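# Coordinate inspection notes
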Amino acid sequence: MKMLADCDPDHLLSQGEISWLEIIETAKVPVVKVRSQSCGLRADVVFSQPDGMESSKFIRSQLKEYPQMKPLLLFLKYFLLQRGLHETYTGGMGSYLLCNVVLHFLQRHPSFRSTRQYAGTSLGHLLFDFLKYYGQEFNYMTQGISVLDGGSTFAKASRFPEKKQRGPVQLCLESPLAPDMDLGGACFRMHILRNLFHHGFHCVCHLFVSRSPPEVSMLCPLLIDPAHPVITDRFKLMSEQPAALPGLKRKASQAESLESSAAPKKAMKRASSESLGAQAECPEDSVAAPKKAAKRATGDASKGRADTPKRRQRAVILQDSPTKAPDSNRWHADVAEWDQSD
């Protein structure tokens, strides 16, 4: 890590790729923290820790299962960052721990057990309930959190008796990839976080009770400061970025190709059966069909030519198409005579 800090920063800074680098040697897993020059995003670099990729896969799978998780995480990361409680090594709540905390909340929320309630639950409802749950309801003294198998809580003393309690408010959350590891143990400022969630809950309650007008935001500035440098600088960087390239068309799989090729045949077969069914139900339509077809053909044939009295008389003859065989032969002869004279 020191070689990376001593040698590579000059190269990376000269290339304009990073704008900041820091080594955290005192962390349980030593980490190099860097920040991108172009977009302002931060990244952690660790060595000899293969579980990082597995953790990322686990979080991505949960984001697909719980689509509300991503916007909640985005808000809460800014919420904690503006108060200096977003880093694990300073006693705050890091990204991976925050992901599991939000995941546990969504797993236990009633809306995910009722289809009707799920349809009526917005992100605002979830944020309000999150602040209430971790600010008032959750028992940090006795309960631990597990996000495995749909999520649950357990008695903290029975699972991690050797863990030294730093105070009455101490978060305990088992790692989903290593259940014998307590992810929440490093968050030694959890009592401040609990009070922060409690305060945020009462801020939203105040806006409910005071019946604030619709133009008043429930997030800004009580929970999020829109003028904070992190938000303004990030917005400036994103606005200066070039427009994204249009996405390429996804290659269809073999099953999709077979399904798409079979679709026209199914549609033709269905249309044919529907037309046969319509003729069986309405026989009079089949009698009137030749007249309609003849009328349509006459109109198409006469497009672009003058509408003379002779043509109008021919149209009348075509409309009066007989159904009996002798009359039909005579009618066709009249039509042929009209066509020759035309």
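Let me begin by describing the structure that accompanies this report. (Residues numbered from 1 in each chain as written. Predicted model: local features only at pLDDT ≥ 70, side-chain atom pairs only at ≥ 80, totals over all residues. Heavy atoms only, no water.)

Let us now look at the sheet that holds strand β1 (residues 18-24). Reading across the sheet, the three strands line up as β1-β2-β3 and stay open at both edges, with antiparallel pairing between neighbours. The open sheet terminates on both sides in strands that have one partner only, identified here as β1 and β3 (42-45). In this sheet, neighbouring strand axes are inclined to one another by 20 degrees on average, regardless of whether the strands run parallel or antiparallel. Bridging between strand β2 (residues 31-36) and β3 involves four bridges; their strand directions are antiparallel. Looking at β3, one finds that Val34 is bridged to Ala43. (Pairing = 2+ DSSP bridges. Helix = DSSP H or I, 4+ residues; strand = E, 2+ residues; numbered from the N terminus. Axes fitted to C-alpha atoms, helices over the stretch in contact; angles between N-to-C directions.)

Following the sequence through the fold, Tyr133 ends up in helix α6 (residues 123-137). For Tyr133, a relative accessible area of 7% puts it in the buried group. Apart from residues lying up to four places away in sequence, Tyr133 is in contact with His104, Phe105, Arg108 and Phe138. (Buried < 20%, exposed > 50% of the residue type's maximum accessible area, 1.4 Å probe, protein only. Contact = heavy atoms within 4.5 Å.)

Here we come to a nonpolar patch on the surface. On the surface, a nonpolar cluster with roughly 370 Å² of combined accessible area is contributed by Phe208, Val209, Met218 and Leu219. Looking at the element boundaries, Val209 is found in helix α8 (residues 190-209). (Patch = residues over 30% accessible without salt bridge, like charges linked within 9 Å, V, L, I, M, F, W, Y side chains within 5 Å. Areas by Shrake-Rupley, 256 points an atom, 1.4 Å probe, with all protein chains shown as cover. Salt bridge = Lys/Arg side-chain N within 4 Å of Asp/Glu carboxyl O.)

Below, the discussion takes up the nonpolar core. If you look at the biggest cluster of nonpolar residues, it comprises 45 residues, and the most contacted ones within it are Met93 and Tyr134. Of all the secondary-structure elements, those providing two or more residues to this core are α2 (51-65), α3 (69-81), α4 (95-108), α6 and α8. Once residues lying within four places of it in the same chain are set aside, the contact partners of Tyr134 are Val101, His104, Phe105, Tyr140, Ile145, Arg194 and Phe197. (Core = buried A, V, L, I, M, F, W, Y, C linked by side-chain atoms within 4.5 Å.)

Turning next to the environment of Ser56. In this structure, Ser56 sits in helix α2. With 40 residues separating them along the chain, Ser56 and Tyr96 place their C-alpha atoms 8.9 Å apart.

On to the packing of aromatic side chains, then. Under the defined criterion, the tally for this structure stands at 16 aromatic pairs. Consider the rings of Phe130 and Phe197, whose centres lie 5.5 Å apart with planes at 75 degrees: the pair is edge-to-face. Here Phe130, found in helix α6, pairs with Phe197, found in helix α8; they are 67 residues apart in sequence, far enough to count as distant. For the pair shown, Phe130 and Phe197 are each scored as buried. Ring centres of Tyr133 and Tyr134 lie 4.8 Å apart, and the angle between their planes is 75 degrees; on these two criteria the pair is classed as edge-to-face. Judged by its relative accessible area of 1%, Tyr134 falls in the buried class. Cluster of aromatic residues (ring-pair linked, three or more members): Phe75, Phe79, Phe105, Phe130, Tyr133, Tyr134, Phe138, Tyr140 and Phe197. Taking NZ or CZ as reference, Arg42 lies 5.3 Å from the ring centre of Trp20, over its face. (Phe/Tyr/Trp six-rings, centres within 6.5 Å; stacked < 30°, edge-to-face > 60°. Lys NZ or Arg CZ within 6 Å of the ring centre and 35° of its normal.)

What follows covers the pattern of salt bridges. Pairing between side chains becomes possible if they bear opposite charge and their charged atoms approach one another. The full count for this structure, using the stated rule, is four salt bridges. The shortest N-O distance in the salt bridge between Lys33 and Asp44 comes to 2.9 Å. Of the two residues, Lys33 sits in strand β2 while Asp44 sits in strand β3, which places them 11 residues apart along the sequence. Using a relative accessible area of 7% as the deciding quantity, one classes Lys33 as buried. We note a salt bridge from Lys33 to Glu87, for which the minimum N-O separation is 3.4 Å. On the criterion of sequence distance, the pair formed by Lys33 in strand β2 and Glu87 in the loop between α3 and α4 is long-range, its members being 54 residues apart.

All right, on to the packing of α2 against α4 then. Put simply, α2 and α4 touch, their axes get as near as 11 Å, and they point 30 degrees apart. Judged by the sense of rotation from one axis to the other, the crossing of α2 with α4 is left-handed. Of the residues in α4, those touching α2 at Ser55, Phe58, Ile59 and Gln62 are Tyr96, Cys99, Asn100, Leu103 and Gln107. Partitioned by chemical class, the residues of the contact of α2 with α4 number five nonpolar, four polar and no charged. (Left-handed = near helix turned anticlockwise from the far one by under 90°. Nonpolar A, V, L, I, M, F, W, Y, C, P; charged D, E, K, R; others polar.)

Fair warning: the whole summary comes from geometry, so function is off the table for now.
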